[in-house]
Amino acid sequence: MTTVKTTCAYCGVGCGVLATPTGARSATIAGDPEHPANFGKLCSKGAHLGETIGLEDRLFHPMIGTRQASWDDALDHVAQRFAATIAEYGPDSVAFYASGQMLTEDYYVANKLMKGFIGTANIDTNSRLCMASAVAAHVRAFGEDVVPCSYDDLDAADLIVLVGSNTAWCHPVIWQRIEVARAARGTKLVVIDPRRTETAERADLHLAIAPDSDVALFTGLLAHMRSSWRLDGTALAERVHVPDGFWKTLPNPDVARTCDIAPADLQAFYDLFADHPRTITLFSQGVNQSTSGTDKANAIINLHLATGRIGKPGAGPFSITGQPNAMGGREVGGLASTLAAHMGFSDAERDRAQRFWQSPTICSGPGFKAVDMFDAMAKGKIKAVWIMATNPAVSMPDARMARVALANCPFVVVSDCIAETDTLRFAQVKLPALGWGEKDGTVTNSERRVSRQRAFLAAPGEARADWWQVAEVATRMGFAGFDFANAASVFREFAAQTGFENGGTRLLDISGQATISDAAYAAMTPFQWGGTSPFADRAFPTPDGKARLVPVVHAPRDDASRAYPLRLNTGRYRDQWHTMTRTGLSPKLSQHRREPLVEVHPDTARRLGITDGALARVETPNGASIFRVAVTPDQRRRDLFVPIHWSDQTSAGGRAGLLPGPDRDPISGQPGFKNSPARAGSYKPDWTGFLVSRERPGIPDCVYWTRIRTAHGWLVELAGEGDPAAMIALMPKGERAEMIDARRGVVRSAMLAEGQLQAALFVSRSAGLPPRDWLIGQLGTDEASSFEVLAGRPATPALDRGAIVCVCFDVGLNSLLAAITEQRLVTVEAVGAAINAGTNCGSCRPAIAKLLPVQESVHV
Ligand SMILES: Nc1nc2c(c(=O)[nH]1)N[C@H]1C(S)=C(S)[C@@H](COP(=O)(O)OP(=O)(O)OC[C@H]3O[C@@H](n4cnc5c(=O)[nH]c(N)nc54)[C@H](O)[C@@H]3O)O[C@H]1N2
Ligand SMILES: Nc1nc2c(c(=O)[nH]1)N[C@H]1C(S)=C(S)[C@@H](COP(=O)(O)OP(=O)(O)OC[C@H]3O[C@@H](n4cnc5c(=O)[nH]c(N)nc54)[C@H](O)[C@@H]3O)O[C@H]1N2
Ligand code: SF4
Ligand SMILES: [Mo]
């Protein structure tokens, strides 16, 4: 079968992928050597895309309530309910909640319908939770939301500063590029993150600053550069507008104390910065997801503008995007705070958009930002909402309130490719969407590069493209202008809008593509708008052509209290994507972290009375969840970290989304997900246990459970109260071998069929449980013995390989440590040569490096 060039489904690096179908629902996946974002590389998530394209868990048909409906009925129903709601309560009573996982074409049609035809700007997106602060900062500083750098700059920089970015896990192919540059030219690396992540571990300097002290750090650095006469006088005179009194806003409080770092480390950072004019400051959610996120981003941009480190090779403030099409959503105007194609809401711009769309109306001004949108739903102001390609019941801050809002909204439409998600439970209408490998259109990555996602699989069931769903509803609402023949015709219209009466006022102008033929669209190769360095030789898109310094002042979050003395940080794991609807399908990707952990410093753990491997309850003013404890010096004292990935589908208890409050940045409206007041204490269940099973087990009825895929089935961790024997309900029906010691509270149950283990359950009131790995492996053999299974171990014990580090080759921690010690391995390369680990996607190389006896200084 022929190989199709497409783009990865996941992060904003935007890697090119070669997909070669090997059957109706299978394909081999490789990096595209010609794609300028990755030159053939893929990380663990991209490399295992093939494990996520089966038909398992898919939504195949439109549903109205619990009944399967035809597309005609479902679309008519949506159109009628939206029209009726608008007729009765006005256009602002309806809303659309979109996603950076929609294609540009999907996004364009949704934005056009809402802003131009329904006439409300109540369309916002999960990018509000992700990129809004960077967008707001770009607009404040440059006049337009333009990322001023390209990946090439990473190769040319002498100093790379990563701020609030766990690049090694979240943008691994950018990370590998940084590592190559460091090996080639000794690029210095500074990581600014309260946690010692695998990214921080590899840095020349790691500043584990106090949460949300970034503004103090960067204004302090600007003050330092000024007092040591290192600003760029020419840039300041010619290219940058300095507001009156700006320099007076740079007080010099005790920066090291505010950031809670050693003065020598602060000085080391300031010296590195002063000595290396080719500096890239790359930032993501540690900056954006903050109640001071916009100010943080502007503090970074101010520094680059005032020192002339922008628009030159290897220099600039580089906001990297999270989702595959976070950037495309910003381009079309999918945020409630922009109109379309980088235009705002002035009368002239509204008039221009309306004339371009030839629409009956146009929205009057900005609409509800995500948190406000859900708040308006809870208050009954929004009476119909369409949610597309996002799972807000899990991912919104104060997720309990988001669910109250959805439950309170009279009409909820959800377009998703998966049949059961936490959000779909609230839907009156469910619309089956095409997923990755089936959908067709464009995405834009972190460096403004537009690439094609192409279909290489047939549509499953009745699933249809998101843009088609919106266009159909628009047409059924009686609107003209939505009869698009294909994705290419949507793209042409969007491209035309970027150039419509632009006259050089907006850098986003891809109108050269407005006449692209269907064939040329099909064959499109990646291209970048704005060029590699948009501000190298061009004025800034402001009225006077100058960029702006924006006064920003460190404002600590003042919600610390005696009741909630800790700070809660939330974020990502290397091998899971958000709410796990897709990466959770991959057995390989599920091995790196099998449970959601709360990471805590040893001193704090001791004070709280929680121990490594036990369970802890984490509580904020908004909710409580239970997590497995990981005690680690990589956390700051008093800070906790939990992952965002587990939902009601995959756990009870382990849901991070319940915990952060709705507090948000006053300018961007982005929630401060990374720094919430919290408390924690040990959770002592009556019993703990686990289940391995070939078939997907039912939902356990106990206080804590988590469920993940394994090579031949599932692993469910359990903890609860009452009678442990009640868990036998999780076992399949049929003949089982069982061992119950009621006095000591031990329950073991195994079910085999013709030498194949079907399921095994282990529950115990004392902590002792057998190691999981051998039992997980037994699901895959034809020669399991119920005797051995009940014993929880083989008659002749083998080495427990330990937690999986390299998912590509299934290499565990114990195997790695054994090889390193026995064979005296000292480099990541040598480990690879000895046992393969780290030689495929490379995502685990930072973790392997950490195990080596002597840390390599640069290249892994
Ligand atoms: N594996 C994986 N990769 C992903 C994703 C995924 O789900 N899984 N999602 C994608 C998406 S949508 C996004 S947005 C990106 C996110 O990518 P990242 O931003 O790299 O990921 P996070 O884990 O959310 O947070 C980054 C770091 O910010 C730090 N931080 C917290 N508070 C502060 C602070 O006050 N100051 C500073 N300087 N740092 C702080 C955290 O400790 C954390 O290590 O990842 C993308 N890539
Ligand atoms: N506490 C905390 N919360 C966070 C964050 C954090 O760091 N901490 N990060 C925030 C950030 S940066 C982000 S980006 C969000 C992400 O949060 P979400 O967007 O809610 O997470 P996903 O799991 O990516 O949800 C995507 C949904 O769309 C479906 N889907 C996938 N492809 C398609 C498609 O082509 N069409 C349609 N119609 N559906 C599709 C998937 O099955 C899934 O249900 O989470 C935010 N929430
Ligand atoms: S870095 Fe990984 S997840 Fe991100 S686009 Fe590339 S392969 Fe996909
Ligand atoms: Mo994101």
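My aim in this report is to walk through the structure given alongside it, one point at a time. (Residues numbered from 1 in each chain as written. Chains lettered and ligands numbered in written order. Predicted model: local features only at pLDDT ≥ 70, side-chain atom pairs only at ≥ 80, totals over all residues. Heavy atoms only, no water.)

### Regarding the packing of aromatic side chains
Applying the stated criterion to the full structure yields 22 aromatic pairs. Ring geometry for Trp71 versus Trp468: centroids 5.2 Å apart, planes at 85°, classification edge-to-face. One end of the pair, Trp71, is in helix H2 (residues 71–89); the other, Trp468, is in helix H20 (residues 466–476), and 397 residues separate them in sequence. Residue classification places Trp468 among the buried positions, given a relative accessible area of 15%. Among the aromatic residues, those joined into a cluster by ring pairs are Phe117, Phe479, Phe482 and Phe484. Sitting above the plane of the Phe641 ring, Arg195 keeps its charged end 3.5 Å from the centroid. Residue placement shows Arg593 over the ring face of Tyr573; its charged tip is 5.6 Å from the ring centre. (Phe/Tyr/Trp six-rings, centres within 6.5 Å; stacked < 30°, edge-to-face > 60°. Helix = DSSP H or I, 4+ residues; strand = E, 2+ residues; numbered from the N terminus. Buried < 20%, exposed > 50% of the residue type's maximum accessible area, 1.4 Å probe, protein only. Lys NZ or Arg CZ within 6 Å of the ring centre and 35° of its normal.)

### Side note on the site of ligand 2
By nearness alone, 32 residues border ligand 2, and Gln101, Ser395, Asp416, Lys439 and Thr579 come closest of all. Between ligand 2 and Asn391 there is a distance of 2.8 Å, counted from an oxygen atom to a backbone nitrogen or oxygen. Interatomic distance of 3.1 Å between a side-chain N/O atom of Arg572 and a nitrogen atom of ligand 2. With the chains in place, 99% of the 920 Å² that ligand 2 exposes on its own is no longer accessible. Here ligand 2 is seated within the largest cavity. By residue class, the composition of the shell around ligand 2 is 12 nonpolar, 14 polar and six charged. Shared between two domains, the shell around ligand 2 takes at least three residues from each, and those domains are domain 2 (63–130 + 325–528) and domain 4 (566–683). (Near = heavy atom within 4 Å. Polar contact = N/O pair within 3.5 Å; in protein donor to acceptor, adjacent residues only side chain to side chain. Areas by Shrake-Rupley, 256 points an atom, 1.4 Å probe, with all protein chains shown as cover. 1 Å grid on protein atoms, 1.4 Å probe; cavity = no way out; pocket = protein on both sides within 12 Å on 5 of 7 lines; lining within 4 Å. Sits in = over half its atoms within 2 Å of the grid points. Nonpolar A, V, L, I, M, F, W, Y, C, P; charged D, E, K, R; others polar. Domains from an automatic or database assignment.)

### Considering the nonpolar core
By size, the foremost hydrophobic cluster in this structure holds 126 residues, and its most contacted members are Phe82, Ile192, Leu217, Phe218, Phe269, Leu305 and Trp386. Residues from two domains meet in this core; each of domain 2 (63–130 + 325–528) and domain 3 (132–319) gives at least three. Setting aside its immediate chain neighbours within four residues, Leu217 contacts Ile192, Leu207, Ile209, Val255, Cys259, Leu266, Phe269 and Tyr270. Residues Leu154, Val692, Leu775 and Leu790 belong to the second largest nonpolar core, which totals 62 residues. (Core = buried A, V, L, I, M, F, W, Y, C linked by side-chain atoms within 4.5 Å. Contact = heavy atoms within 4.5 Å.)

### Section: the site of ligand 1
Taken together, 34 residues lie around ligand 1, and Asp193, Asp214, Ser284, Arg572 and Gln576 are the ones closest in. Here an oxygen atom of ligand 1 and a side-chain polar atom of Arg195 are 2.9 Å apart. Taking Gln285, its main chain carries an N or O atom lying 2.8 Å from an oxygen atom of ligand 1. Coverage of ligand 1 by the protein amounts to 99% of the 900 Å² it exposes when considered alone. Judged by the fraction of its atoms near the pocket grid, ligand 1 is located in the second largest cavity. Broken down by secondary-structure element, the contributors of at least two residues to the shell around ligand 1 are helix H6 (167–170), helix H13 (285–288) and strand E21 (566–571). Of the residues contributing to the shell around ligand 1, the split by class is 10 nonpolar, 15 polar and nine charged.

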